[in-house]
Amino acid sequence: MQNLGEAMTDIRPLVAGNWKMNGLKEALREAWAVAEGVAAKAPNADVMLCPPATMVAVMAEATAERLMIGGQDCHVAASGAHTGDISAEMLGDAGAAAIIVGHSERRADHGERSQDVAAKAVAVHRCGMTAIICVGETAGERAAGLTLKVIERQLAGSLPDGVTAANTVIAYEPVWAIGTGLTPTAGDVANVHAFIRGYVRSNTTDGDGMRLLYGGSVKAANAAELMAVANVNGALVGGASLKADDFLGIINVYV
Ligand code: 13P
C-alpha cells in the first residue's frame, strides 16, 4: 500500500514566482522590493523569481544574495543553430540557479511531451542547476478520475535518471487551477502530494528530502492553508508573484 506519511526529513521550503511572459525593465523594482522584504523578515524558506529570459541577468545582479533567480524553459542543447532558443548554459551564465521545465503552458502551447521535458531536465542538471519539473492534470482528466494516473505518467516520463533532492524540485500544478482563482481542496492537494512523495521515494535515491511545490492560484489569502498541507514544501506562484506586496504576502507564511 502507498505510504501516505509525510517525508521524514526537514525540508527547507521554496517559494518561487513564475512571471511567465510578463515584465519590462521597470518591473525590476518589484523584484527589488521582494528582496528587501525577504531581507527584512528572513522567512524560513528560499525565495526565487523566474522572470522572462530578458530579465534574468539584470534581476540576478539586482537581487544577488537575497533571491534565487530561475529561467522558465531551456533548449536541450548547450549551443547551436536554434534560432530564438536559449540554453541552460546561457541561463546559468546570466545568473539563474534553476529552470522551470514542463510547465503546462509549454506542454500545451509548444507540444512538449514528457520525454522532451526529461531531456530539458538533463540539460539543467548538466549545468549544475536545479530543474523545477511541473506536472498536473486538466479539468477533464480530473473529472474522469484520472488525476493520479496522469501524474504518474507525467512523472515517469519527465524525470530523467539522476534526479536527486538537490537537483530537482517537483511542482504539482493542476492545469484547471492556473490563473483561474480555483484551487483544489487541501485534502485533494494532500492526496496528490502524498502520491508524488511515494513516487519519488520509490524511484529516486533521496525522494524523502525532495521539495514538492503546489502551484495554481496561490494567493496570500489561501497560502497558509495550502502550505500547511503535508508534503507541500512551498509554492510555484504565477499572477500573485508579479507585485511585491502580493508575493511577500505568500512568502511571509514562512516567517
Ligand atoms: P497562477 O498562480 O497565476 O495561477 O499561475 C500558476 C503557475 O502557472 C505558476 O507556474
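See above for the structure.
On a predicted model such as this, the values are computed, not experimentally measured, just so you know.

Draft legend 1. Spatial organisation of the overall build of the chain. Secondary structure assignment for the chain yields 10 helices and 8 strands. Rg of the C-alpha trace for the chain: 17 Å, near the compact-globule value of 18 Å for 255 residues, within the 12% margin. Based on the C-alpha atoms only, the size of the chain along its principal axes is roughly 50 × 45 × 35 Å. Summarising the internal contacts of the chain: among those between residues at least 6 apart in sequence, 73% fall at separations of at least 24. Here the chain carries 19 positive and 27 negative side-chain charges, and the mean point of each set is 2 Å from the other.

Draft legend 2. Layout of helix α8 (residues 186–203). Here α8 is 18 residues long and its end C-alpha atoms lie 25 Å apart, about the 26 Å a rise of 1.5 Å per residue gives. Residues of α8 that are buried: Val-189, Val-192, His-193, Ala-194, Phe-195, Ile-196, Arg-197, Gly-198, Tyr-199 and Val-200. Tucked into the core, α8 has its buried residues touching β5 (130–135), α6 (139–143), α7 (147–158), β6 (168–172), β7 (211–215) and α9 (220–227).

Draft legend 3. Representation of the packing of helix α1 (residues 28–41) against helix α10 (residues 244–251) in the model. Contact pair α1 / α10: the axes reach a minimum separation of 9 Å and the direction vectors enclose 30°. Taken as a pair, α1 and α10 cross one another with a handedness that is right-handed. Contacts between α1 and α10 involve Glu-30, Ala-33, Val-34, Gly-37 and Val-38 from the first element and Ala-244, Phe-247, Leu-248 and Ile-251 from the second.

Draft legend 4. Examining the site of the ligand more closely. The full set close to the ligand counts 13 residues, and Lys-20, His-103, Gly-179, Ser-217 and Gly-239 are the nearest of them. With respect to the ligand, the side chain of Glu-173 contributes an N or O atom lying 2.9 Å from an oxygen atom. Out of a free accessible area of 310 Å², the ligand has 97% covered by protein chains. A per-class count over the shell around the ligand returns 4 nonpolar, 7 polar and 2 charged.

Draft legend 5. Region of the structure containing the pattern of salt bridges. The full count for this structure, using the stated rule, is 13 salt bridges. For Arg-113, the salt bridge is made with Asp-116, and the minimal N-O distance between the two is 2.9 Å. Each of Asp-73, Arg-106, Glu-112 and Lys-120 takes part in a single network of salt bridges with overlapping partners.

Draft legend 6. View of the pairing of strand β8 (residues 234–237). Burial along β8 is two-sided: the face carrying Gly-234 and Leu-236 and the face carrying Ala-235 and Val-237 are both buried. Pairing analysis gives 4 bridges linking strand β1 (residues 14–18) to β8, with the strands arranged parallel. Following the sheet pairing, Val-15 is matched in β8 by Ala-235. With 2 bridges joining them, β7 and β8 adopt parallel strand pairing. Within the sheet, the bridge partner assigned to Gly-215 lies in β8 and is Leu-236. In this view, the connection linking β7 to its parallel neighbour β8 by way of α9 has right-handed handedness.

Draft legend 7. Representation of the packing of helix α5 (residues 114–126) against α7. Where α5 meets α7, the axes come as close as 7 Å, and the angle between the chain directions of the two elements is 45°. Judged by the angle between their axes, α5 and α7 are oblique. Facing Ser-114, Gln-115, Val-117, Ala-118 and Ala-121 of α5, the residues of α7 in contact are Gln-154, Gly-157 and Ser-158. For the contact of α5 with α7, the residue count by class is 3 nonpolar, 5 polar and no charged.

The rules behind the values
- Residues numbered from 1 in each chain as written.
- Predicted model: local features only at pLDDT ≥ 70, side-chain atom pairs only at ≥ 80, totals over all residues.
- Heavy atoms only, no water.
- Helix = DSSP H or I, 4+ residues; strand = E, 2+ residues; numbered from the N terminus.
- Rg over C-alpha atoms; globule rule 2.2 N^0.38 Å.
- Contact = heavy atoms within 4.5 Å.
- Lys, Arg positive; Asp, Glu negative; His and termini not counted.
- Charge placed at Lys NZ, Arg CZ, Asp CG, Glu CD.
- Expected span 1.5 Å × (residues − 1).
- Buried < 20%, exposed > 50% of the residue type's maximum accessible area, 1.4 Å probe, protein only.
- Axes fitted to C-alpha atoms, helices over the stretch in contact; angles between N-to-C directions.
- Left-handed = near helix turned anticlockwise from the far one by under 90°.
- Near = heavy atom within 4 Å.
- Polar contact = N/O pair within 3.5 Å; in protein donor to acceptor, adjacent residues only side chain to side chain.
- Areas by Shrake-Rupley, 256 points an atom, 1.4 Å probe, with all protein chains shown as cover.
- Nonpolar A, V, L, I, M, F, W, Y, C, P; charged D, E, K, R; others polar.
- Salt bridge = Lys/Arg side-chain N within 4 Å of Asp/Glu carboxyl O.
- Pairing = 2+ DSSP bridges.
- Right-handed = clockwise from strand over helix to strand, strands pointing away.
- Parallel < 35°, antiparallel > 145°, perpendicular 65-115°, else oblique.

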